[in-house]
Structure formats: C-alpha cells, structure tokens
Amino acid sequence: MKPSIPLGYYTASATPISPFPRLAADTKADVCIIGGGYTGLSAALHLAQAGARICLVEAKTVGSGASGRNGGQIHTGLRKEQAWLERRLGKVHARALWDLSEDAKDLIRKLVAEHSIACDLKPGVVVAAHNRRAVRALAEDTDHLARNYGYRQGRMLDGETTAQMLGTDVYPAARFDEGGGHLHPLRFVRGLAAAAARAGATLWENTPAQRIERRRGKVVVRCRGARITADRVLLACDAFSAGIAPKLAGYIGTIESFLMATAPLGEALNREILPCDAAVADTRHVLDYYRKSVDGRLLFAGGEAGLRHPKDIVKLVRPRMLRVFPALSGIPIAYAWSGTVGITRSRLPHFGKLSERVFFAHGYSGQGVALAVLGGKLLAEAAMGQRERFDVFARIRTKAFPGGALLRKPLLGAALAISRFADTR
Ligand SMILES: Cc1cc2nc3c(=O)[nH]c(=O)nc-3n(C[C@H](O)[C@H](O)[C@H](O)COP(=O)(O)OP(=O)(O)OC[C@H]3O[C@@H](n4cnc5c(N)ncnc54)[C@H](O)[C@@H]3O)c2cc1C
C-alpha cells in the first residue's frame with residue numbers, strides 16, 4: 001500500500017485534527033474495523049451510535065487514502081447506467097441499487113448536518129459530453145432516469161447553455177444534475193473521524209493491520225506489537241485491500257489519478273471559469289474532472305496511470321486543463337498530488353464476506369464519495385446481523401481481473417491505453 005504522496009491542497013486548506021494514538025497494547029472489541037477512510041469511519045460511527053464497542057485501525061492517518069485526496073464529486077447512481085444494470089441484473093435488482101445510491105447522497109447531507117461538518121458541501125454536478133455519441137447516450141440516460149425512476153433533478157443542457165455555465169465551449173452538450181454535489185474531501189473525512197470518536201469508537205492511527213486470524217470463535221487482528229480480539233472484522237481498505245486480504249487481490253485493481261490546484265483565480269477569471277460553481281466530470285474513460293474551491297482556485301484532475309506513474313504531475317494535467325480553459329495559461333499551479341483509485345472489473349462496488357465474521361466493502365471505482373459512506377453504513381448493518389441492504393451489493397457477481405498475480409497489472413495498464421485511444425474517437 002502506498003498512500004504516501006502529500007495531500008496537496010486539501011491538507012493546506014483543512015483544519016488539522018488532534019492525531020489519534022498508535023495501538024500499543026492488546027485490546028478487545030465487538031467489531032474491529034481496518035481502514036480509516038469513508039467506509040471504515042462511517043462503519044465506526046454507525047456501530048458506535050448503536051452501542052457497539054469499536055476499535056478502528058488505520059495504517060497511516062485518517063483520510064490518507066483516497067478519502068482525503070479525491071475530486072470531492074458526489075455523483076448520482078453507479079458507474080454503470082441504470083439501463084445497463086437492468087439488462088445485466090434484472091429490473092428489481094437494478095431498482096434496489098438505484099434506491100441505495102440515492103440513499104448514499106442523502107446520507108452525506110444528513111451526516112454533514114447532524115455532525116456540523118464544515119466541508120464546503122455544495123449542490124450540482126455537470127456531466128459534460130465529450131462528443132456527439134456521448135451526447136446521445138447522456139440524453140437517453142437522462143430520459144430513462146426521469147421516466148423509470150422519477151429522477152427529475154438531471155436535465156440536458158445544449159451547447160450554448162453548457163458553455164455559459166462552464167465557461168468553456170469544448171463540450172457539445174452536458175447534463176446538469178442538481179441532485180449531485182461536491183465537498184472538501186479531507187475536511188469531510190476528518191469530520192467523520194471526529195464524529196465516530198465522539199460516538200465512542202476508539203481510533204488508532206499509524207497502526208497497520210498485518211494479519212487476520214480465527215481463534216476460538218473470535219477473530220484476531222494482528223498489528224505490529226499488539227493485537228485486537230473481536231467478534232467481527234470489517235475490511236475497509238479499498239484499493240489496498242489485497243495487502244491484508246490476499247484472497248481479494250484479483251478483484252481489486254488500482255489506478256493512479258492526478259490532481260492539481262491553481263493559485264486563486266482572481267475576481268475576473270473566477271467569474272469567467274465555471275460560473276455555475278458545480279463539479280464537472282466529462283464522459284471520457286480517462287476523464288477530466290474539476291470544480292472550484294471556496295477560495296477561488298480551480299481544482300483540476302485528469303490523466304490516469306496503471307503501471308508507470310509520471311514524475312511531473314503538472315506536466316501531465318496542465319495541458320488537459322488548458323485545452324478546456326485556455327484563459328488559465330498565465331495562472332500558476334500551486335499544488336499537485338495523486339491518489340489510488342480502487343476499481344473492479346465491472347466498475348461496480350464489490351461487497352462480501354471472507355468468513356462468517358469478516359466482511360468487506362471496496363471497489364467503488366471512482367464513485368466512492370457517496371457510495372463508500374453508505375458502504376460503511378451497510379457494513380455496520382451487516383455486522384449487526386442485518387444483511388438485506390448489504391446483500392443488494394453483495395449479490396452483484398464480481399469477476400476477478402484476468403491475468404493472475406503476474407499479468408493482472410500489465411493487462412490493466414493495456415486496458416487503460418485502449419481506453420485512452422477510444423477517448424480520441
Ligand atoms: C484521486 C482520486 C480522485 C477521486 N475522485 C472521486 C470523486 O470525485 N468522486 C467520487 O465519488 N469518488 C472519487 N474517488 C474515489 C473515492 O475517493 C473512494 O472510492 C473512497 O474514498 C474510498 O473510501 P474508502 O474508505 O473505502 O477507502 P480509502 O479512503 O482509500 O481508505 C482506506 C484506508 O485503509 C487504510 N489501510 C490500508 N491497508 C491497511 C491496513 N493493513 N491496516 C490499516 N489500515 C489500512 C489506508 O491507509 C486508507 O486510509 C477518487 C479517488 C481518488 C484516489
């Protein structure tokens with residue numbers, strides 16, 4: 001596992017929280033949670049609120065994985081369109097997944113309000129079509145959601161309106177989704193950690209779990225120098241799951257995604273660039289996604305790497321930003337960072353259990369800001385014996401990536417190269 005690159009702009013703009021200690025002595029818990037991102041912290045919060053004795057171990061610091069370094073975009077639905085899900089899984093299952101994805105967005109708003117998390121939560125996501133074919137697909141999907149799911153918060157924008165709302169004319173059309181939104185990811189994850197601790201969960205940082213063992217009807221999580229004995233263990237390590245659960249290695253792929261933050265744009269550019277203040281993601285496979293920060297910077301992400309990571313993130317991302325916003329050619333780049341996205345072969349989340357006492361939820365495939373928070377809540381429900389909602393995700397049949405331990409990464413890298421080529425057509 002390697003969440004070691006600095007958190008860039010987010011660290012600089014989030015209020016520090018008091019560090020949690022390192023686990024130094026054996027301890028016991030009802031539930032031990034491994035991983036301090038949205039999934040683990042949401043599970044900890046919900047279980048602690050239900051009165052369970054919770055011990056959460058985080059290898060580094062809370063939010064140091066994807067949860068503290070992502071694009072902050074809250075998307076509607078899953079990575080696959082509902083019509084695709086209906087064809088693959090049937091209408092009933094697709095509907096249940098849709099309902100949960102809507103619950104996921106509501107859960108964020110509820111947690112932010114209930115725990116007064118100051119994370120700059122704002123409404124609005126624009127999905128920007130990168131070509132005519134994408135416009136047709138987006139329009140069909142928008143129509144499908146309105147007709148079959150009663151979802152009317154998404155509406156198509158023509159090229160002119162898109163240009164007015166985004167401050168760029170590179171897209172032929174877009175969908176504005178009032179039901180989506182964006183937030184400051186590190187402030188949000190730290191807010192969740194503080195809420196979980198207030199609810200009674202015990203959090204340990206700089207405490208990597210090394211092994212999970214079964215012992216006399218309990219599960220023992222071995223960390224360096226200490227162990228935790230628990231009734232249940234929840235794995236919330238997303239892209240890093242294989243490190244603690246080698247059985248999951250084939251099911252979770254990793255892609256590095258690259259972000260940067262400009263210097264503050266100044267009044268005139270701030271008015272010109274992205275005046276609608278929504279988050280934007282385009283429809284490419286290797287997509288551009290961006291939004292503005294509350295202090296008037298453009299946070300722009302683009303480019304992915306499966307195998308070799310670029311040494312100079314700005315060199316990779318800045319040309320992509322200038323293609324969309326040439327007016328930013330004179331604006332300095334103040335921060336650049338990257339993060340590891342956990343993906344599955346189907347791009348749908350992967351939930352399940354390794355034994356009757358060990359559950360996992362990961363592989364949100366770039367849509368985890370909302371889904372991982374819900375994933376944590378569903379893990380909490382499963383740990384308490386209520387598996388109905390957890391099973392809606394666990395019922396999705398997830399295939400392993402091809403290639404086995406040796407070829408899996410190179411094949412994923414090749415697939416990424418093919419996607420990049422497809423984006424150019
Ligand atoms: C650059 C980037 C941009 C993204 N942008 C978006 C976006 O705009 N919108 C969206 O919806 N999603 C986005 N995502 C995805 C989203 O951030 C993730 O799906 C989500 O944060 C996953 O949360 P998590 O808690 O499951 O995993 P993480 O936040 O990765 O947390 C896992 C934690 O487990 C810890 N860990 C690992 N192994 C161990 C161990 N052995 N012992 C103890 N701890 C361990 C890690 O240190 C880490 O902190 C993005 C991801 C990245 C990387």
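Throughout, residues of each chain are indexed from 1 in the direction in which the sequence is written. Local features in a predicted model are, by the rule used here, given only for residues with pLDDT of at least 70; side-chain atom pairs are given and counted only at 80 or more, and totals for whole chains, interfaces and linings are based on all residues. Side-chain measures here rest on the full set of heavy atoms in the structure, leaving out hydrogens and waters.

Remarks on the overall build of the protein
Quick reminder of the rule: Counting from the N terminus, the helices are the DSSP runs of H or I reaching at least four residues and the strands are the DSSP runs of E reaching at least two. Our radius of gyration looks at C-alpha atoms and nothing else; its globule reference is 2.2 Å times the residue count to the power 0.38. Relative accessibility decides the category of a residue: with a 1.4 Å probe and only protein chains considered, values under 20% of the type maximum give buried, values over 50% give exposed, and everything between is partly exposed. It only takes one pair of heavy atoms within 4.5 Å for two residues to be counted as in contact. Note on charges: Lys and Arg go in the positive column, Asp and Glu in the negative column, and His and the chain ends are not counted at all. To locate a charge, take atom NZ for lysine, CZ for arginine, CG for aspartate or CD for glutamate.
Assigned secondary structure in the protein consists of 13 helices and 17 strands. Here the C-alpha radius of gyration of the protein, 21 Å, is about what a compact globule of 425 residues would show, namely 22 Å. On the principal axes, the C-alpha backbone points of the protein span a range of 65 × 45 × 45 Å. Residues counted as buried form 57% of the 425 residues belonging to the protein. Put simply, 74% of the contacts in the protein that link residues at least 6 apart link residues at least 24 apart. Taking the average location of the 61 positive side-chain charges in the protein and that of its 37 negative ones, the two points are 8 Å from each other.

Here's the deal with helix 10 (residues 313-324)
Owing to its 3.6 residues per turn, the α-helix aligns residues three or four sequence positions apart on the same side. In plain terms, the rule: One less than the number of residues in a helix, times 1.5 Å, gives the span that helix is expected to have. Throughout, the arc means that of the directions going from the helix axis to the C-beta atoms. Polar contacts here mean pairs of N or O atoms no more than 3.5 Å apart (in protein, one a potential hydrogen donor and the other a potential acceptor; neighbouring residues in sequence count only if both atoms are side-chain atoms).
Relative to the 16 Å expected for 12 residues at 1.5 Å per residue, helix 10 spans 17 Å between its end C-alpha atoms, a close match to the ideal helical length. Within helix 10, the full set of buried residues consists of Ile313, Val317, Arg320, Met321 and Val324. Along the axis of helix 10, the buried positions cluster into a sector of 100 degrees, meaning they face one direction only. For helix 10, the exposed residues lying more than 90 degrees away from the buried face are Lys315 and Arg323. Residues of helix 10 that are buried in the fold lie against strand 11 (253-262), strand 13 (288-292), strand 14 (298-305) and strand 15 (333-343). With a side-chain oxygen positioned 3.2 Å from the backbone nitrogen of Val314, the residue opening helix 10 is Asp312.

Examining the pairing of strand 13
Rules: DSSP calls a pair of strands paired once it identifies at least 2 bridges connecting them.
In terms of residue burial, strand 13 counts as a mostly covered element, since 5 of its 5 residues are buried. Alternating residues of strand 13 divide into Asp288, Tyr290 and Lys292 and Tyr289 and Arg291, and every residue in both groups is buried. With 2 bridges joining them, strand 12 (residues 279-282) and strand 13 adopt antiparallel strand pairing. Residue pairing for strand 13: Val280 is matched across the bridge by Tyr290. As consecutive antiparallel partners, strand 12 and strand 13 are separated by 5 residues. Where strand 13 hands over to strand 14, the hairpin turn is made up of 5 residues, of which Gly296 adopts a positive phi near 75 degrees.

Here's the deal with the packing of aromatic side chains
Definition in use: A pair of Phe, Tyr and Trp rings is counted when the ring centres sit within 6.5 Å of each other, with Trp represented by its six-membered ring. The angle between the planes then sorts it: under 30 degrees is stacked, over 60 is edge-to-face, the rest tilted.
Summed over all chains, the structure comprises 12 aromatic pairs. On the numbers, 5.4 Å between centres and 50 degrees between planes, the contact of Tyr38 with Phe188 is tilted. Of this pair, Tyr38 sits in helix 2 (residues 38-49) while Phe188 sits in helix 7 (residues 185-198), and the two are 150 residues apart along the sequence. Between the aromatic rings of Phe351 and Phe393, the centroid separation amounts to 4.7 Å while the plane-to-plane angle is 35 degrees, which identifies the pairing as tilted. Here Phe393 lies in helix 12 (residues 388-394) and Phe351 lies in strand 16 (residues 350-355), a separation of 42 residues in the sequence. There is no split in this pair, since Phe351 and Phe393 are both buried.

A look at the confidence of the model for the protein
Close inspection of predicted coordinates is inappropriate in any region flagged by low pLDDT. We count it as follows: Confidence per residue, as judged by the predictor, is encoded in pLDDT with a range of 0 to 100.
On average, residues of the protein score 94 in pLDDT, and 96% of them are at 70 or above. Here residues 1-5 scores under 50 on pLDDT; set against residues more than four positions off or in separate chains, the count is 18 contacts.

A closer look at the packing of helix 3 (residues 82-89) against helix 4 (residues 91-114)
Put simply, the rule is: Only the stretch in contact is used when fitting a helix axis, every axis being a line fitted to C-alpha atoms; angles between N-to-C directions are given from 0 to 180 degrees. Angles below 35 degrees are treated as roughly parallel, those above 145 as roughly antiparallel, those between 65 and 115 as roughly perpendicular, and all remaining angles as oblique. Crossing chirality is assigned from the near helix's rotation relative to the far helix, an anticlockwise turn below a right angle marking it left-handed and a clockwise turn marking it right-handed. Any residue that is not Ala, Val, Leu, Ile, Met, Phe, Trp, Tyr, Cys, Pro, Asp, Glu, Lys or Arg is counted as polar, Gly included; the first ten are nonpolar and the last four charged.
Two elements in contact, helix 3 and helix 4, have axes whose closest approach is 7 Å; the angle formed by their N-to-C orientations is 135 degrees. Put simply, helix 3 runs oblique to helix 4. The way helix 3 lies across helix 4 gives a crossing that is right-handed. When helix 3 is examined against helix 4, the residues Gln82, Leu85, Glu86 and Leu89 are found in contact with a partner set consisting of Lys91, His93, Ala94, Arg95, Leu97 and Trp98. Tallied by class, the residues present in the contact of helix 3 with helix 4 amount to 5 nonpolar, 2 polar and 3 charged.

Notes on the site of the ligand
Let me state the cut-off plainly: Nearness is defined per residue: one heavy atom within 4 Å of the molecule or strand is enough. Per-residue and other accessible areas follow the Shrake-Rupley method at a 1.4 Å probe size, with only the shown protein chains counted as cover for residues.
Close to the ligand lie 38 residues, the nearest being Thr39, Glu58, Ser67, Gln73 and Val369. Here Thr39 contributes a side-chain N or O atom positioned 2.7 Å from an oxygen atom of the ligand. Gly72 places a polar main-chain atom, nitrogen or oxygen, 3.4 Å from an oxygen atom of the ligand. Here the ligand loses 97% of its free accessible area of 1000 Å² to cover by the protein chains. Elements with a contribution of two residues or more to the shell around the ligand: helix 2, strand 11, strand 15 and helix 11 (368-383). When grouped by side-chain class, the residues that make up the shell around the ligand number 17 nonpolar, 18 polar and 3 charged.

Describing the environment of Arg320
As for its placement among the helices and strands, Arg320 is situated in helix 10. Under the relative-accessibility criterion, Arg320 is labelled buried at 14%. With near-sequence residues (within four places) excluded, Arg320 lies in contact with Val286, Leu287, Asp288, Phe300, Gly302 and Gly303. A polar side-chain atom of Arg320 sits 2.9 Å from the main-chain carbonyl oxygen of Val286.

Notes on the nonpolar core
One broad trend across soluble globular proteins is that nonpolar side chains are buried collectively. Under the convention used in this document: Note on terminology: a nonpolar core comprises buried Ala, Val, Leu, Ile, Met, Phe, Trp, Tyr and Cys residues joined through side-chain atoms within 4.5 Å.
Ile33, Tyr38, Leu47, Ile54, Phe188, Leu234 and Phe393 are the most contacted members of the largest nonpolar core, which has 75 residues in total. With 11 residues, the single largest contributor to this core is helix 11. Excluding its chain neighbours within four sequence positions, the residues that come into contact with Ile54 are Ala29, Val31, Ile33, Ala44, Leu47, Ala48, Ala201 and Thr202. The next biggest cluster of nonpolar side chains, apart from the first, holds 27 residues, and it includes Leu157, Tyr290, Ile313 and Ile331.

A look at the pattern of salt bridges
Here is the rule: Salt bridge, as applied in this entry: a Lys or Arg side-chain nitrogen positioned within 4 Å of an Asp or Glu carboxyl oxygen.
The full count for this structure, using the stated rule, is 22 salt bridges. A salt bridge links Lys122 to Asp277, with the shortest nitrogen-to-oxygen separation between them at 2.7 Å. Here Lys122 is found in strand 4 (residues 122-129), whereas its partner Asp277 is found in the loop between helix 9 (267-272) and strand 12, with 155 residues between them in sequence. By relative accessible area, Lys122 is classed as partly exposed at 23%. Linked by salt bridges that have partners in common, Arg211, Glu213, Arg215 and Arg222 make up one network.

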